[in-house]
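# Results of the structural survey
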Amino acid sequence: KKEIPSYIRPCCSMWMTEPGYHNENYHFEKNSILFEKNNFSVNYKGNFEDLHRSVRISAKGHTVIMGKKNSPAARVIDKEVLLKGLYDEALRAGVKVQNQTVSTMAEEDSRGVKVKLLYKGKASWITGKILFAADGVNSKITESLGLNKKRKVIFDTHVVSYHMTKVKTPYPDAWIRFTGDAFTG
């Protein structure tokens, strides 16, 4: 990616507020998102929108509505603002950033880790004491280290996302998901 903080593909940019979701409790406070169980925070200076309900609509028009009365079920964030803040913070901390570079695998030994990189078709290796892999749910890094062997995949599906504005909906405080005939999750 040329512009690392840029956000060009659809993704679920919301924080589920259910306590213990993904084995973490977090909340928003004064330009930060605080992770209580793991005792850290990240800066976030963007806007957010609270969603109090989740609506699922089947191909045949059946509707299921889930939600919470007194607190939001999720908080939608501006992912590009979050990524830009993390990127800027990393640069201030002295992190060397290599744009348009893909990490394809990692190896661990008694001295630390080494990561194989691809940049414009050329491979190279970097080494370090600690590796933070943030390359997504289908991570090549965690796969190469054998860390996701016991991971259970509930379902794998193709998604089409649309962002619509000025649409009247009976569910203004919800995220709505339409499921097709082949949906299994």
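Here the structure is shown first, and the text comes after it.
Structure report, in brief. (Residues numbered from 1 in each chain as written. Predicted model: local features only at pLDDT ≥ 70, side-chain atom pairs only at ≥ 80, totals over all residues. Heavy atoms only, no water.)

Turning to unusual backbone geometry, a few remarks are in order. Peptide bonds are, in most cases, trans, and in most cases residues other than glycine have a negative phi. One non-glycine residue, N31, lies in the positive phi region at around 65°. Within the secondary structure, N31 is located in the loop between β2 (26–29) and β3 (32–35). Backbone geometry at Q100 places phi at a positive 55°, although glycine is not the residue there. Locating Q100 in the fold gives a position in the loop between α1 (79–92) and β9 (101–109). (Helix = DSSP H or I, 4+ residues; strand = E, 2+ residues; numbered from the N terminus.)

On to the sheet that holds β2. Read across the open sheet, the three strands follow the order β2-β3-β4; overall the sheet is antiparallel. At either margin of the open sheet sits one strand with a lone partner, and together these are β2 and β4 (40–43). Direction aside, neighbouring strands of the sheet carry axes that sit 25° apart on average. Pairing analysis gives four bridges linking β3 to β4, with the strands arranged antiparallel. (Pairing = 2+ DSSP bridges. Axes fitted to C-alpha atoms, helices over the stretch in contact; angles between N-to-C directions.)

With that out of the way, let us pick up the environment of M16. Tracing the backbone through its elements, the reader meets M16 in strand β1 (residues 14–16). The buried category is assigned to M16, whose relative accessible area is 17%. The contacts of M16, once residues within four sequence positions are left out, are Y21, Y26, A73, A74 and W175. (Buried < 20%, exposed > 50% of the residue type's maximum accessible area, 1.4 Å probe, protein only. Contact = heavy atoms within 4.5 Å.)

What follows concerns the packing of aromatic side chains. What the rule picks out here adds up to four aromatic pairs. Here F28 and F48 contribute two aromatic rings whose centre-to-centre distance is 5.4 Å and whose plane-to-plane angle is 45°, an arrangement assigned as tilted. Of the two residues, F28 sits in strand β2 while F48 sits in strand β5 (residues 48–51), which places them 20 residues apart along the sequence. With a relative accessible area of 39%, F48 lands in the partly exposed category. (Phe/Tyr/Trp six-rings, centres within 6.5 Å; stacked < 30°, edge-to-face > 60°.)

What follows concerns the pairing of strand β7 (residues 63–67). Across a regular strand the side chains alternate sides, sitting on one face of the sheet and then on the other. Pairing analysis gives five bridges linking strand β6 (residues 53–57) to β7, with the strands arranged antiparallel. Note on β7: the bridge partner recorded for V55 is I65. Linking β6 to β7, which pair antiparallel, is a turn of five residues; within it G61 sits at a positive phi near 90°.

On to the sheet that holds strand β11 (residues 122–128). As summarised here, the arrangement of the three strands in space is β9-β10-β11, forming an open sheet in which the pairing is antiparallel. Each of the sheet's edge strands pairs with one partner strand only, and the pair in question is β9 and β11. Averaged over all pairs of adjacent strands, the angle between their axes in this sheet comes to 25°, without regard to strand direction. Of the pairings in the sheet, the one linking β9 to strand β10 (residues 112–119) comprises eight bridges and is antiparallel in character. Looking at the pairing, E108 lines up with V113 of β10.

Going through the model one piece at a time under the given rule, you end up with five salt bridges. A salt bridge links K84 to D88, with the nearest nitrogen and oxygen atoms 2.9 Å apart. With K84 and D88 both in helix α1 and four residues apart, this pair spans about one turn of that helix. The exposure class assigned to D88 is partly exposed, which follows from its relative accessible area of 23%. Two residues, R111 and D109, come together in a salt bridge whose shortest N-O distance is 3.0 Å. Of the residues examined, D109 reaches a relative accessible area of 40% and is grouped as partly exposed. (Salt bridge = Lys/Arg side-chain N within 4 Å of Asp/Glu carboxyl O.)

Grouped together as the largest cluster of nonpolar side chains are 14 residues, with contacts concentrated most on W15, I33 and L82. At the level of secondary structure, the elements contributing two or more residues to this core comprise β1, β2, β3 and β8 (74–77). The residues contacting L82, other than those within four sequence positions of it, are W15, I33, V42, N43, Y44 and I77. (Core = buried A, V, L, I, M, F, W, Y, C linked by side-chain atoms within 4.5 Å.)

Interpretation in functional terms is not warranted from these geometric data alone.
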